[in-house]
Amino acid sequence: DGPHKTGTSCALDCGAGIGRITKRLLLPLFKTVDMVDVTDEFLSKAKGYLGEDGKRIGEYFCCGLQDFVPEDNRYDVIWIQWVIGHLTDSHLVDYLKRCKAGLRPNGLIIIKDNMAQEGVIMDEVDSSICRDLDLVRRLIRQAGLCVLAQERQENFPEEIYHVYSIAMR
């Protein structure tokens with residue numbers, strides 16, 4: 001609420017997969033949602049999974065985030081969930097800079113991802129990394145963004161990665 005309220009015209013789901021976040025979180029809040037994923041098969045399955053709600057998808061982009069360029073001034077929210085571990089630090093910073101340009105006035109970028117307790121942990125199975133919260137916040141600052149809020153997911157076992165949501169602009 002207030003003068004800096006985020007709009008509800010269009011959101012972008014990054015690493016959208018078959019559209020679970022799009023369907024359950026973004027479409028109930030936004031008039032239009034665009035989806036980007038590196039796997040064309042997932043985007044094809046999304047069309048069936050979304051059903052009638054799929055009519056409100058603006059664009060399906062098949063592209064890795066390291067190469068994806070959001071349209072300038074298009075998005076009220078850019079949602080990035082469980083994919084930053086597939087980007088190098090420099091790719092993540094560059095991507096966040098491009099996302100910043102893609103935001104409408106009062107828009108938000110939200111990252112929801114696993115965070116290591118300390119340092120960087122490599123996952124050999126899926127060739128991804130898990131960064132600690134301090135490093136992620138440092139990369140966000142390097143991209144010229146300010147963290148507005150962060151929240152740790154509750155009721156997860158202590159022995160697994162902590163999951164954080166970070167809102168920025």
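Counting of residues starts from 1 at the beginning of each chain's written sequence and follows it residue by residue. Confidence filtering applies because this is a predicted model: local features only for residues at pLDDT of at least 70, side-chain atom pairs given and counted only at 80 or more, and all residues used for totals across whole chains, interfaces and linings. Note that water and hydrogens are dropped before the side-chain values are worked out from all heavy atoms of the structure.

Now for helix α4 (residues 133-142). Structural remark: α-helix, 3.6 residues per turn; residues separated by three or four positions point the same way. Accessible area is worked out with a 1.4 Å probe on protein chains only. A residue is then buried under 20% of its type maximum, exposed over 50%, and partly exposed in between. Helix and strand assignments follow DSSP, with helices taken as H or I runs no shorter than four residues and strands as E runs no shorter than two, numbered in order from the N terminus. Within the sequence span of α4, burial applies to Leu133, Leu135, Val136, Leu139 and Ile140. Angular distribution of buried residues about the axis of α4 spans 165°; they occupy a single face of the element. Exposed residues lying more than 90 degrees from the buried face of α4 are Asp134 and Arg141. What makes two residues a contact is simply this: any of their non-hydrogen atoms within 4.5 Å. Looking at the buried residues of α4, the elements they touch are α3 (89-102), β5 (103-115), β6 (120-123), β7 (128-131), β8 (147-152) and β9 (162-168). Looking at where α4 begins, the residue whose side-chain oxygen comes 3.3 Å from the main-chain nitrogen of Asp134 is Asp132. Read the arc as the range of directions from the helix axis to the C-beta atoms. Think of a polar contact as two N or O atoms within 3.5 Å of one another; within protein, one of them needs to be a possible hydrogen donor and the other a possible acceptor, and neighboring residues in sequence only count if both atoms come from side chains.

Now for the sheet that holds strand β3 (residues 57-62). Two strands are counted as paired when DSSP detects at least two bridges linking them. The sheet built from seven strands is open, its strands ordered β3-β2-β1-β4-β5-β9-β8 with mixed pairing. Each edge of the sheet is formed by a strand with only one pairing partner; in this case those strands are β3 and β8. In this sheet, adjacent strand axes meet at a mean angle of 15° when their direction is disregarded. Relative to strand β2 (residues 32-37), strand β1 (residues 10-14) runs parallel, the two sharing five bridges. Residue pairing for β2: Leu12 is matched across the bridge by Asp34. Each axis is a line fitted through C-alpha atoms, and for a helix only the stretch in contact is used; angles between axes span 0 to 180 degrees, taken between their N-to-C directions. Together, β2 and β3 form the strand contacts of helix α2 (residues 40-50), whose direction differs from that of β3 by roughly 160°. Contacts from α3 reach β1, β4 (75-81) and β5 within the one sheet, and its direction differs from that of β5 by about 145°.

On to α2, then. For α2, every residue scored as buried is listed here: Leu43, Ala46 and Leu50. Around the axis of α2, the buried residues are gathered within 45° of arc, so they sit on the same side. Summarising the contacts, the buried residues of α2 are in contact with α1 (20-26), β2 and β3. Once α2 ends, the next one or two residues include Gly51, with phi positive near 55°.

Looking at the element boundaries, Thr8 is found in the segment before β1. Overall, Thr8 belongs to the partly exposed group, its relative accessible area being 39%. Separated by 23 residues in the primary sequence, Thr8 and Lys31 place their C-alpha atoms 6.5 Å from one another. When residues no more than four places from it in sequence are discounted, the contact partners of Thr8 are Leu29, Phe30, Lys31 and Asp76.

Only one rule defines a salt bridge in this text: a Lys or Arg side-chain nitrogen within 4 Å of an Asp or Glu carboxyl oxygen. Evaluated as defined, the whole model comprises six salt bridges. Notably, a salt bridge pairs Glu41 with Lys45, separated by 3.4 Å at the nearest N-O pair. With Glu41 and Lys45 both in helix α2 and four residues apart, this pair spans about one turn of that helix. Close ionic contact of Arg152 with Glu158 constitutes a salt bridge, the shortest N to O distance being 2.8 Å.

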